[in-house]
Every structure is written in structure tokens, then in C-alpha cells.
Amino acid sequence: MIAPLATLLTHAAGADRAKAGLAARGCDDPAAARLSADLVAVAAGDRQAFARLFAHFAPRVKAYMLKLGMPAQRAEDLAQDTMLSVWRKAQLYDPSKAEAATWVFTIARNLRIDVLRRERHPEVSDDELLEHEDDRPPADELLDGDRRARRLRGALAALTPEQAEVVRLSFFADLAHPAIAERLDVPLGTVKSRLRLAMAKIRKALGDDDR
Amino acid sequence: MTAHHPDAALALLPNHHPSDALLVAYGAGSLGEGLSLAVAVHLAHCPDCRATLAEVEALGGALLEDLPPAPLESLSLAATLDRLDREEAPANPCKALRLKPSLGKPSLGKPKAGSAPQPAMGLPRPLRAYVPSLDSLSWQRLAPGVRRVELLPRTASGGAAQLLRIAPGTALPHHGHGGLELTVVLSGHFADELGRYGPGDLAEVDGDTNHQPIADSHRDCICLIATDAPLRFTGLMGRLMQPFIGL
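Let me sum up the structure you'll find in this document. (Residues numbered from 1 in each chain as written. Chains lettered and ligands numbered in written order. Predicted model: local features only at pLDDT ≥ 70, side-chain atom pairs only at ≥ 80, totals over all residues.)

Considerations on the sheet that holds strand β6 (residues 195-197) of chain B
Two pairing modes exist for strands in a sheet, parallel and antiparallel, and in both the strands are linked by backbone hydrogen bonds. All names here are of chain B. Quick reminder of the rule: By definition, two strands form a pair when at least two bridges between them are found by DSSP. Secondary structure elements follow DSSP: runs of H or I of four or more residues count as helices, runs of E of two or more count as strands, with numbering from the N terminus.
Read across the sheet, three strands follow the order β6-β5-β8 without closing on themselves; strand pairing throughout is antiparallel. Bordering the open sheet on either side are β6 and β8 (214-215), each of which pairs with just one other strand. As paired strands, strand β5 (residues 190-192) and β8 are joined by two bridges and run antiparallel to one another. Across the sheet, the residue bridging to Ala-191 is Ile-214, located in β8.

Section: the nonpolar core
Heads up, the rule is: Joining buried Ala, Val, Leu, Ile, Met, Phe, Trp, Tyr and Cys residues through C-beta atoms within 7 Å gives a set, and that set is a nonpolar core. The exposure scheme places C-beta atoms from the backbone and then counts, for each residue, the other C-beta atoms within 10 Å of its own, assigning buried at 20 or more, exposed at 12 or fewer, and partly exposed in between. An automatic or database domain assignment provides the domain bounds reported here. Here contacts are defined at the residue level, using C-beta atoms placed from the backbone and a cut-off of 7 Å between them.
Core analysis: the largest hydrophobic core is formed by 110 residues, its most contacted members being A:Val42, A:Leu53, A:Val104, A:Leu152, B:Ala38, B:Cys223 and B:Leu224. At 10 residues, the largest contribution of residues to this core is made by helix α3 (residues 47-67) of chain A. Both of domain 1 (5-121) and domain 2 (158-205) of chain A provide at least three residues apiece to this core. Setting aside chain neighbours within four positions, we find B:Ala38 in contact with B:Leu182, B:Val184, B:Leu202, B:Leu224 and B:Ala226.

Details of the pairing of strand β2 (residues 146-152) of chain B
Strand residues, when the strand is regular, have side chains that alternate between the two faces of the sheet. Residue and element names in this part refer to chain B. In this sheet, β2 lies alongside strand β1 (residues 140-143) in antiparallel orientation, the contact comprising three bridges. Bridged to Arg-141 within β2 is Arg-147. Connecting β1 to the next strand, β2, in antiparallel fashion are two residues, including Gly-145 with a positive phi near 80°. Pairing between β2 and strand β3 (residues 160-166): six bridges, direction antiparallel. Bridging from a neighbouring strand, Arg-147 pairs with Arg-165 of β3.

Remarks on the environment of B:Phe190
Residues and elements named next belong to chain B. By the element assignment, Phe-190 lies in strand β5. Judged by the 24 C-beta atoms lying within 10 Å of it, Phe-190 falls in the buried class. In this structure, Phe-190 is in contact with Ile-166, Val-185, Tyr-197, Pro-213, Ile-214, Ala-215, Asp-216, Cys-221 and Cys-223, ignoring residues within four places of it in sequence.

Remarks on the interface of chain B and chain A
So the rule is basically this: Polarity classes work like this: nonpolar for Ala, Val, Leu, Ile, Met, Phe, Trp, Tyr, Cys and Pro, charged for Asp, Glu, Lys and Arg, and polar for all others, with Gly in that last group.
Contacts between the two partners involve 65 residues from chain B, matched on the other side by 66 residues from chain A. Of all elements in the fold, only α1 (20-28), α2 (33-45), α3 (47-66), α4 (76-88) and α5 (125-128) of chain B reach the threshold of two or more residues within the side of chain B that touches chain A. Partitioning the side of chain B that touches chain A into residue classes produces 40 nonpolar, 14 polar and 11 charged.

What to know about helix α8 (residues 161-172) of chain A
Along an α-helix, residues three or four positions apart point the same way, because every turn accommodates 3.6 residues. Operational definition: The span one expects for a helix is its residue count, reduced by one, times 1.5 Å.
When the terminal C-alpha atoms of α8(A) are compared, their 16 Å separation across 12 residues agrees well with the 16 Å that a helix rising 1.5 Å per residue should span. Of the positions making up α8(A), those classed as buried are A:Gln163, A:Val166, A:Val167, A:Leu169, A:Ser170, A:Phe171 and A:Phe172. Looking at the buried side of α8(A), the elements it contacts are α3, α9 (177-184) and α10 (188-205) of chain A together with α1 and α3 of chain B. Immediately beyond the C-terminal end of α8(A), within one or two residues, lies A:Asp174, with a positive phi of roughly 55°.

Brief notes about the sheet that holds strand β7 (residues 202-205) of chain B
Residue and element names in this part refer to chain B. To be explicit about the condition: Working convention: axes come from line fits to C-alpha atoms, limited for helices to the stretch in contact. Angles between N-to-C directions cover 0 to 180 degrees.
Ordered by their spatial adjacency, six strands build an open sheet running β1-β2-β3-β9-β4-β7, and the pairing between neighbours is antiparallel. Both edges of this open sheet fall to β1 and β7, since each of them pairs with a single strand only. Across the sheet, the mean angle from the axis of one strand to that of its neighbour is 30°, orientation sign disregarded. On the sheet, α2 packs against β2, β3, β4 (181-187), β7 and β9 (221-227) and is oriented at approximately 140° with respect to β9.

Right, here's the structure in full:
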């Protein structure tokens, strides 16, 4: 496929922007920024960037589907479906709002709900906020993507084993809170307070703890 | 921040929010469709909770990153690129999007010239994928002063969602709840022991909480009520129906 000039320029601009960002930050963990720049490039039709994203994310999305109890073939299909969605929706990706991994996660999650439960996941997109100005500075002004990624990993690592367990069960077991409580043999309130404490740590790590 | 005047309500931010735990469940995708819909309606009103959701989803992204990669089939990328080629034949990149459920359905809400974003009876977008407008609904009488429309009679994960329209001054019976019940106000107000709820406010009730909501403004209170289990005559709806269907 030959990309039209405009899209090539967009791609180049995206890559330059990402590189400039890396240089400015003196970043030691360029992974998140590289994935983000690749996603921007995919929006412009860059197949090499897509292949890189595929190599990184498809095996992880497959692992996610396997964790949620899908048979191997189904998990493989859903990993491919997720990546196809990534290609189709790449134009909607806003690097200033979310990391690539965050965005891919939401696509995989919605696909999983659609396929596994035949349900929808009702969502709100940013232009749908009702009548209220969000005067919060955008995410990239709070913390740039790579620092966010590293702080988030730090916060994840700092969760107590009990907190990490309820977080993982929430994301990877498709269990509602009462079912998690039952599995862990703890009161429902304990599950909820562990999640609250876990989120407090995440929020603090992301520098947004003034709420 | 309190709603002093019904017409000013839309300009105010919600006072009653989902718990962090509920937002984690929503962001992780472990809530059923009806409960998720109630949360999404609140999110449409609430920048603070959207910020928390962004954090939850970032957490999901970090967890995805941390998963040990599962080996793909040998021709996985080639197969995907192949499908991509077939799809691209009629190049229409933005077609198959499901990110915005509202895109496919034109809004029937009456746009008001010059008015800020939403007309008073405008539905929050997440709801528009389910009902075109509040005016077009056929309300079913349930009890004196209470009408309802079933939205999701029973979702695949076992939950249910309905709209209730409660006349001013109507008090619902004192009741407890079996499972999780979310109530989000679309218009008007109701009050219970925990406070007063206006548009966008979400009441999250589970386990043995007792509450007695009263529609307390001069016009009907319309709210969306979602439960995580089929209606087994335990929650609000069940208690309402009990006297009328003899259970």
C-alpha cells in the first residue's frame, strides 16, 4: 500500500513528536512512547508500525483472553480481532489521553464482553460529557506517558498481595465483587475496601491524589 | 454543591458518585450490561469519575503489559494482514466502529438553538443506544405514582435495568436489597436517608442497606435502576410489585 503524502507527513510528524518527547525527557523507558508513536502511525496507514504493535500486543491480548478462560483457538482469534480493531480505530487514538496499552486494553475488554457475554459495554466518549467544563489539565500536562507508565508499574508493585489479588481477580476473572468475596472467603466489604486502597495508591502514583 | 433549583440542576456536578470499587469493576469489564449502563450515565455527568476511570483503564493497560505473552500461531500476523486487506477493499476506515454506540442512532432530542449542550429532557448518550428519547416511551403503570419501562429485562450476565418515573411526593416502600442495585437520576430529584439525588447522581446500594427513596421535587423523578440479578422480589422493584402481583 502506498500511503498518500499527507499521511506520510502525519506519520513522520508523529514519529518526530515521539522522538522529540523522548529526547526532552531523557527517558530511560522509551517503550510506552514508541508504542504510542506506532499507534499514531497506524492511523496513517503504516503497516510496519502495525506489525510492531501486533508483535507486542497480540501475544498479550491472547494471554488476557486465555486468563479469562477462553480456549486457545478462541483466544488466538480474539487477539487477531482485537488487532484488527486497533487498525480500524487507530484514528480515534489520542496519545495525549492514554497510553497505547491502555487503549488496546479497552478494545480487548469490549471485544471480550461482546463475545463472551453477548453484551455491550456502555461507554461515554470524551465529546459526550454533558454540560460540564472539565477544567482539569489534560493527562499529558499532569504527567507524560512514559512517566505515567513507570509510576503506574511502581504503584502496581507496591500493592499489598491482598490488594493485588482483588485487582487481578477484577480484571482477569470476570467476577463480580460478591463472587470475589466468596472465592477469597472474605466479607464483601473487604473486597471493596481493598479495591479502594489499591485505587488510592494508583491515584497517588499518578499525581492526582487531590480528590 | 446542592441543587437549589430544578432548572439549575443540569449545570451542577453530581454529588453522589460510584465507589472506587464499582469503577474498577466497570473499567475491568466485570459488571453486567445494565449496571455498566447506570455507571456510564453517571460518567456522562461527571468529569471526576471519568478521571478515575482513566486511571482504572490505565491500570488495565499496565496489567496487560505485565502478562507473560502467549505464543501466537505461526501465521498469525499474516492472517491478520490478510483479513485487513480484504476489509480494506472498500476503504472505509471509520465504518465498523463500536466505540460510540450513539453514532449509529440519530438523536431524537430536540436541539435548542443557542442553549448550551443539552436540552433539559435530553438523554445522556449512553442511554440513547437503548431509548431514543424519554418522550417516546410508553410508560407502564406499576403502582400509584410509579410507572416504568423495562430497558433490559434480563441481560446475559443475569442483571436487569429499567426506567422508573415517580410522581412528586411518592414514597417507595422501605426496603432492603438482595444484590447490587444502582439508581441514577435522569431528571427530577429523589431523597433517601443518605441525601438528595439529582440528575447524574448515582446511588449504589448493596447487601443489607436499607433505604426509602422519596421523589421530592415538584415534577416527576425519572431514574434508571439496574440490578445485578434477575428481579427476585428483593430490591426496589420487587417490593413495589409485591402488593400488585400478589407475591
